[in-house]
Every structure is written in C-alpha cells, then in structure tokens.
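Examining the three-dimensional arrangement
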Amino acid sequence: MRTLMIAATVTLLTAAPLFAQEKGGQDASGYITGLGGFATSVGDTTGDVAIEGGVRIAPHVMVFGNIGRFNNLQPDLQPTLGATTAALAANQGLTVTGGGSLPASHFLGGLRIEVPINSRVMPYVLGGIGVARLNPTPQFTFSSGIMPDGSTPAVGTDVTSTIVSAGIVTPPPASTAFMFTLGGGVQVPVAPHWVVDAGYRYSHIAADSTLSASPLSANGMTFGFGYRF
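These remarks concern the structure in this document. Keep in mind that what you see is a predicted model, and the values were worked out from it rather than measured. (Residues numbered from 1 in each chain as written. Predicted model: local features only at pLDDT ≥ 70, side-chain atom pairs only at ≥ 80, totals over all residues. Heavy atoms only, no water.)

Turning to the overall build of the protein, a few remarks are in order. Along its length, the protein carries 3 helices and 10 strands. Taken from N to C terminus, the helices and strands of the protein fall in the order α-β-β-β-α-β-β-β-β-α-β-β-β. A total of 229 residues make up the protein; the buried ones form 42% of that total. (Helix = DSSP H or I, 4+ residues; strand = E, 2+ residues; numbered from the N terminus. Buried < 20%, exposed > 50% of the residue type's maximum accessible area, 1.4 Å probe, protein only.)

Structure representation (structure tokens):
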C-alpha cells in the first residue's frame, strides 16, 4: 500500500510539467476516468473500483456521475453474523463461526469544483449523493455441537447451506441504502488529453436495519487514468 502511494506521487510530480505545456486543461468540456484503490472501514481494508465521467456546466464546475463497487464491507455484516451465531449457540447448542462478504455497488452523482492555480495541474474537490446496493453473503463454519440433521462435521466445515435449508437461519436479503461521498484530488497529464488521477474520498452509507444499527463510513484512496475532452 505504501509503495503504491509513493509510486503514484512520483508519477504525479514527474507528469506535472506536461500540464504547463498542454492547452485545454482547466477549460476541458468533460472527462471520463477509470478509478481503482482501497478503502478502510472499522479497521478492515477493501478494494474500491469505479468509472466516473463529468461535463462542465460553469467555469471550474463540473457535474459528474459515478458507478463503482466496494469489494467487501464486512464490518456492516458483523452485527448480523454475531446475532446469528449467538442464537444458534443458545437455541440449538450449535457453535459456528460467522464470516462471509458484503460487496456493495454504488451509484452517485454530484458536483466537482476545480481549484484554479497558476499551473495546468488540476486540483479539485467534489461531493455527491446516491445509493449503495448491498449484497450480503454470510458463511458459517462448524466448531462444535450437533447439526440439525444429526451429523457432526469436521471443525471448519462450511455448514451454511445445511442450517439455511433446515430453516434455522435466514440469510439477510440484498438491500439499497442512501450514500454520500466527499473528497478531492488532482488530475495531471501524461499525454495530450490523457491524465492520471489521485485522490481521497470519504463515503458514508446509511444504516440498513437488516444488517446494522449504525451507518458505515469508509475512507479511501483512489488512483486512476482518464481522458479529457
């Protein structure tokens, strides 16, 4: 992670002089960028990818749209996993370990404001609102006890399908939650019309009663490659 950030910083610094020579930096009518990076939430780190595009609506102001995905926001799934494992232990005498994944696709729109400076480098700040589509996939592995069918699997065996089919566990359904993001970054050219992008984004996903009683926040670093037109 540290190596990636250092490499991105060096790329931006070496590419910056190109912007001073290239015409059409901050007066470009729009852009499209592919972004990738990582986000941290409650101590866990997940991949974050997105495609973003924007169109200028005023000097230094663009309206943008963003379609992306967090690979796994498992902290938001933990309350559900904890409640399920506790209920199995209390009611069934069955001890299992809860795990799984919670990918989240997000769809956002908002404003991006460029910060005028005496350079062709383009710093910007942005804010957007939208929705996140959460698709939880819990997984339970056997620790001890007797399964509903009377069997005793080896420790570590995935018993999710068995306890779900027995009707003693109901997986949480996919759901949609409100989301907003705030952040900023910088675009720097590497060739005519082509730019590299590095930035920071804070994302907030509203609480989903089927998963968690509290909202989920993620802090992310993004790096991308895009086209200005």
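What follows covers the environment of Y202. Secondary-structure assignment places Y202 in strand β9 (residues 194-205). As for Y202 and G127, which are separated by 75 residues in sequence, their C-alpha atoms are 9.5 Å apart. The contact partners of Y202, leaving out residues within four places of it in the chain, are F180, T181, L182, S217, A218 and N219. At 3.4 Å, the side chain of Y202 forms a polar contact with the side chain of H204. (Contact = heavy atoms within 4.5 Å. Polar contact = N/O pair within 3.5 Å; in protein donor to acceptor, adjacent residues only side chain to side chain.)

This paragraph deals with the sheet that holds strand β2 (residues 44-58). Taken in spatial order, the 8 strands close into a barrel running β1-β2-β3-β5-β6-β8-β9-β10, and their pairing is antiparallel. Looking at each pair of strands side by side, their axes are set apart by 25° on average, direction ignored. (Pairing = 2+ DSSP bridges. Axes fitted to C-alpha atoms, helices over the stretch in contact; angles between N-to-C directions.)

Let's shift gears to the side chain of H204. For H204, the position within the fold is in strand β9. Separated by 3.4 Å, the side chains of H204 and S217 make a polar contact. If near-sequence neighbours (up to four positions away) are discounted, H204 is found in contact with F178, M179, F180, P215, L216 and S217.

For G100, the position within the fold is in strand β4 (residues 95-101). Judged by relative accessible area, G100 falls into the partly exposed class, the value being 25%. Measuring from C-alpha to C-alpha, the distance between G100 and L81 comes to 8.8 Å, with 19 residues separating the pair along the chain. If near-sequence neighbours (up to four positions away) are discounted, G100 is found in contact with N72, Q74, L77, T137, P138 and Q139.

The next subject is the nonpolar core. With 25 residues, the main nonpolar core has L73, F140, I163 and I205 as its most contacted residues. At the level of secondary structure, the elements contributing two or more residues to this core comprise α2 (78-92), β5 (104-114), β6 (122-134), β7 (137-144), β8 (175-191) and β10 (216-228). Not counting residues up to four positions away in its chain, the partners in contact with F140 are L81, T84, T85, V96, T97, G98, T157, D158, V159, T160, I163 and V169. (Core = buried A, V, L, I, M, F, W, Y, C linked by side-chain atoms within 4.5 Å.)

Glancing now at the pattern of salt bridges. Enumeration over the complete set of coordinates arrives at 3 salt bridges. Between R201 and E52 there is a salt bridge, with its nearest N and O atoms 2.7 Å apart. With R201 in strand β9 and E52 in strand β2, the pair connects residues that are 149 residues apart, well separated along the chain. Using a relative accessible area of 9% as the deciding quantity, one classes R201 as buried. The closest approach of N and O atoms between E114 and R56, which form a salt bridge, is 3.2 Å. In this pair, E114 is assigned in strand β5 and R56 in strand β2, connecting sequence segments 58 residues apart. Comparing E114 with R56 shows no difference in burial state: the two are buried. (Salt bridge = Lys/Arg side-chain N within 4 Å of Asp/Glu carboxyl O.)

The next subject is a nonpolar patch on the surface. Taken together, the side chains of V55, I57, V63, L111 and F229 make up a nonpolar region of the molecular surface, amounting to roughly 440 Å² of accessible area. Mapped onto the secondary structure, L111 falls in strand β5. Relative accessible area serves as the criterion here: at 42%, L111 is assigned to the partly exposed category. (Patch = residues over 30% accessible without salt bridge, like charges linked within 9 Å, V, L, I, M, F, W, Y side chains within 5 Å. Areas by Shrake-Rupley, 256 points an atom, 1.4 Å probe, with all protein chains shown as cover.)

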